[in-house]
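Architecture at a glance
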Amino acid sequence: MTGTRIAALGHYQPAKVLTNRDLAALVDTSDEWISSRVGIRTRHMAGPDEPVDELAAHAAGKALASAGLDPADIDLVLVATSTAIDRSPNTAARVAARLGMISPATMDLNVVCAGFTHALATADHAIRAGGARRALVIGADKMTEVTDWTDRTTCVLVGDGAGAAIVEAVGEGEEPGIGPVLWGSVPEMGHAVRIEGTPPRFAQEGQSVYRWATQRLPALAREVCERSGIAPEELAGVVLHQANLRIIEPLAAKIGAVNAIVARDVVESGNTSAASIPLALAKLVERGELPSGAPTLLFGFGGNLSYAGQVVRVP
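Residues numbered from 1 in each chain as written. Predicted model: local features only at pLDDT ≥ 70, side-chain atom pairs only at ≥ 80, totals over all residues. Heavy atoms only, no water.

1. Points about the packing of aromatic side chains
Quick note on the threshold: Stacked, tilted and edge-to-face pairs are distinguished by plane angle, under 30 degrees for stacked and over 60 for edge-to-face with tilted covering the rest, among Phe, Tyr and Trp rings (Trp via its six-membered ring) whose centres lie within 6.5 Å. Burial classes follow relative accessibility: with a 1.4 Å probe on protein chains only, a residue under 20% of its type's maximum area counts as buried, one over 50% as exposed, and anything between as partly exposed. Whether a charge sits over a ring depends on NZ of Lys or CZ of Arg being within 6 Å of the ring centre and within 35 degrees of the ring normal.
Applying the stated rule across the entire model yields three aromatic pairs. On the basis of an interplanar angle of 10° and a centroid distance of 6.2 Å, the ring pair of F299 and Y307 is categorised as stacked. On the basis of relative accessible area, Y307 is assigned to the buried category, the value being 10%. Taken together, the ring pairs connect W212, F299, F301 and Y307 into an aromatic cluster. We note R152 situated over the ring of W33; from NZ or CZ to the ring centre the distance is 5.2 Å. The ring centre of Y210 lies 5.3 Å from the NZ or CZ of R246, which sits over that ring.

Okay, here's the thing in structure tokens:
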């Protein structure tokens, strides 16, 4: 069994930007109310002719270009999403078709906001076990399509986008670039974050999620670091699910990541669910805020109530 690494990243967001002032014209809210409670100022919104698989394919194409790879070099496509409307073909298969891939295995994973870190671990395991050679892992969601735009408690939170990673085996004698995963769920709290109904609509019990995240997550994140053999103060970056700035900033301090760059993409992108971690990570790498090889904690949490985290070395 060999280790794996992230070879390249890519991200994509639709062109349309929705500001807090735009939302104030739709529902009873204000820029000050939204900014002070969740830290979000803008979010990107896909149009009716931009399905989830299109967002995912754009991000994937950028990751492939960054890695210098052709679509034919990929033999496993994993897409984490909870907002694909159609059941079949699944989103991963549609991405593969858009990119002209040759006979890859294609699977969707619905673990909502923790989807990308679950998919990353799944790709790592598949390659270690010899079931795949090189994987394309994508987090993509079109949250605006499952949003009740009359509900001011949820419509101010969401955005659309996608992030992608190329995962491959490390060379002989190289240290793995993706650490062991810590994953799990709290089944009795499945009601706390939901996308239910016909048509499906996003709803959550914000205070329940906030209490769980602030009370339970720091110890879980420290355990992720322990499994990777790294102390929290050695982390160069922390990329948590971009749900709420009031959750992200205190958590990074409680984890003990005192020297880390903390992703705050939620401010400009809102909550993009499974896309939030790869989107934020790709932006940090693109801007040069995290150098190649920097140890970075990824931790997703949210719907189900599920969580998954690992320490990675950035490409």
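2. Observations concerning the pairing of strand β11 (residues 237-240)
Our working rule: Runs of E in the DSSP output that reach at least two residues are strands. Runs of H or I that reach at least four are helices, and both are numbered from the N terminus. Strands are treated as partners if at least two bridges between them are detected by DSSP. Seen with its strands pointing away from the viewer, a crossover is right-handed when the path leading from the first strand over the helix to the second is clockwise.
Taking every second residue as pointing to the same face, both faces of β11 are buried, with G237 and V239 on one and V238 and L240 on the other. Alignment of β11 against strand β12 (residues 261-262), held across two bridges, turns out to be parallel. Residue pairing for β12: V238 is matched across the bridge by V262. A crossover links β11 with its parallel partner β12, the connecting element being helix α7 (residues 245-255), and its sense is right-handed. Relative to strand β13 (residues 295-301), β11 runs parallel, the two being bridged by four bridges. When the bridges of β13 are listed, V239 appears paired with L298.

3. Notes on the packing of helix α3 (residues 52-67) against helix α4 (residues 91-99)
Quick note on the threshold: Here an angle of 0 to 180 degrees is reported between the N-to-C directions of two axes, which are lines fitted to C-alpha atoms, with helices fitted over the stretch in contact. Throughout this description, any angle smaller than 35 degrees is read as roughly parallel, any larger than 145 degrees as roughly antiparallel, any in the 65 to 115 degree range as roughly perpendicular, and the remainder as oblique. Note: crossing handedness is left-handed where the near helix turns anticlockwise from the far helix by less than a right angle, and right-handed where it turns clockwise. Should any heavy atoms of two residues lie within 4.5 Å, those residues are counted as being in contact.
α4 packs onto α3 with a crossing angle of 55° between their chain directions and a minimal axis gap of 9 Å. In terms of their interaxial angle, α3 and α4 are classed as oblique. Viewed along their axes, α3 and α4 form a crossing whose handedness is right-handed. Residue-level contacts link V52, D53, E54, A56, A57, A60, G61 and L64 of α3 to T91, R94, V95, R98 and L99 of α4.

4. Brief notes about the sheet that holds β11
In sheet architecture, strand pairing relies on hydrogen bonds along the backbone and comes in two forms, parallel and antiparallel. Pairing is mixed across the open sheet formed by five strands, whose spatial order is β8-β14-β13-β11-β12. Pairing within the sheet leaves two strands with one partner each, and these edge strands are β8 (182-185) and β12. Pairing between β13 and strand β14 (residues 306-313): seven bridges, direction antiparallel. In the strand pairing of β14, L298 is matched with Q310. Relative to β14, helix α5 (residues 115-128) is tilted by about 60°, and along the sheet it contacts β8, β13 and β14.

5. Observations concerning the sheet that holds strand β1 (residues 4-12)
With respect to topology, five strands assemble into an open sheet ordered β1-β7-β6-β4-β5, the strand pairing being mixed. The sheet is open, and its two edges are formed by β1 and β5 (105-109), each paired on a single side. The sheet shows a mean angle of 20° between the axes of neighbouring strands, direction not considered. Sheet analysis places strand β4 (residues 76-80) next to strand β6 (residues 134-142), joined by five bridges and oriented parallel. Of the residues in β6, the one forming a bridge with L78 is V137.

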